[in-house]
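Descriptive structure summary
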Amino acid sequence: MEIIVAPSAGFCFGVKRAVNMALDAANQYTSLEKLNTLGPIIHNPQVVKSLEEKGVFPIDNIDCGCFDTILIRSHGIKAEVMEKLRSKGLKIIDATCPFVKKAQNYINEAALKGYFIIMVGDKNHPEVQSVISFADKGRFLVINNLADLEKVPVSEKLALISQTTQDVNFYKCVINEINKKAKNEVVVFDTICDATIIKQEEAKIIASNVDVMIVVGGYNSANTNKLQNICKEIQRNTYHIETEDEVNPEWFANAKKVGITAGASTPDWIIDLVLKKVHDIDKAKLK
Ligand code: SF4
């Protein structure tokens, strides 16, 4: 079988930076100092487990009084939580992705100028919660389907922003619809990350040229789930897996070409193990 691995598969810049910051910090800390991450460092259980083996555990509650230093993951945190951490005088290692910081700053400025914020994304995702927390209370709306457009206050000055991992075409569609309905000024912030666009475009090309497509990444990873949906629309033999153990030889019975891509929170070592497993299945087929 020909196996094509997407060149952009795996960690994006922001995730690589956050994981490296966590590993550097873990190596510098003594067992007497307590270093924790606020929530899992990334949406990948295998990476979280390997950090736990170095003594870095995720926590959810900043009032627990159980840590000396807190590491903020690439998604960022809510403005009010950052304020609270600062007021406690705790050491903060801020690994918020610079692109997420940029989105927070856009919202902050737009809110100060009186814009009502429309954010396209998943309202339960930590990145959306961190970014939208920079809007004024009650002066924002998070939407993730076209039906939500009914709720847009069309008479307001509107500022549109998207989750960095949002599907480009859906964001464009929302922008078009809002421009048709708006009765006041509309500003649009381009916050979809290049890493996401490149990954999605590569996945589309590969999925349309293979018989089986494998998407590797955490089941709780929004960008991996999005990649899976994009590939599945093109190639129905698309499988989302977290580890090589889930690769099923039956998927490849009639396959000549296999594509592999991976979400932004999937480390190279997991992609390599999946690749090896597919190679092994291929060798077994030839026997
Ligand atoms: S996908 Fe882009 S914005 Fe999100 S963490 Fe990675 S580099 Fe940063």
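Let us look at the structure shown here. (Residues numbered from 1 in each chain as written. Predicted model: local features only at pLDDT ≥ 70, side-chain atom pairs only at ≥ 80, totals over all residues. Heavy atoms only, no water.)

As a further point, take the packing of aromatic side chains. The tally for this structure, following the rule as stated, stands at 4 aromatic pairs. Taken together, a centroid distance of 3.9 Å and an interplanar angle of 5 degrees make the contact between Tyr239 and Trp251 stacked. With Tyr239 in strand β11 (residues 238-241) and Trp251 in the loop between β11 and β12 (257-262), this pair connects stretches of sequence that are 12 residues apart. Classification of Trp251 as buried rests on a relative accessible area of 19%. Lying across the ring of Tyr115, Lys157 places its NZ or CZ 4.3 Å from the centre. (Phe/Tyr/Trp six-rings, centres within 6.5 Å; stacked < 30°, edge-to-face > 60°. Helix = DSSP H or I, 4+ residues; strand = E, 2+ residues; numbered from the N terminus. Buried < 20%, exposed > 50% of the residue type's maximum accessible area, 1.4 Å probe, protein only. Lys NZ or Arg CZ within 6 Å of the ring centre and 35° of its normal.)

Strand order in the open sheet formed by 4 strands is β3-β2-β4-β5, with parallel pairing between adjacent strands. Strand pairing shows two members of the sheet lacking a second neighbour, β3 (57-59) and β5 (91-94), which therefore form its edges. Here the average twist between neighbouring strands, direction ignored, is 35 degrees. Examined bridge by bridge, strand β2 (residues 35-38) and β3 share 3 bridges and lie parallel to one another. Within the sheet, the bridge partner assigned to Thr37 lies in β3 and is Pro58. Here helix α1 (residues 13-28) sits on the sheet in contact with β2, β4 (69-72) and β5, set at roughly 145 degrees to β5. (Pairing = 2+ DSSP bridges. Axes fitted to C-alpha atoms, helices over the stretch in contact; angles between N-to-C directions. Contact = heavy atoms within 4.5 Å.)

Take the pattern of salt bridges next. Using the criterion set out here, one finds 11 salt bridges in the structure. Glu201 serves as the salt-bridge partner of Lys204, at 3.2 Å between the closest nitrogen and oxygen. With a gap of 3 residues between them, Lys204 and Glu201 both fall in helix α7 (residues 194-207), about one helical turn apart. The partly exposed category is assigned to Glu201, whose relative accessible area is 37%. Because the salt bridges share partners, they merge into one network encompassing Asp63, Lys84 and Lys88. (Salt bridge = Lys/Arg side-chain N within 4 Å of Asp/Glu carboxyl O.)

Read these as geometric descriptors, not functional statements.
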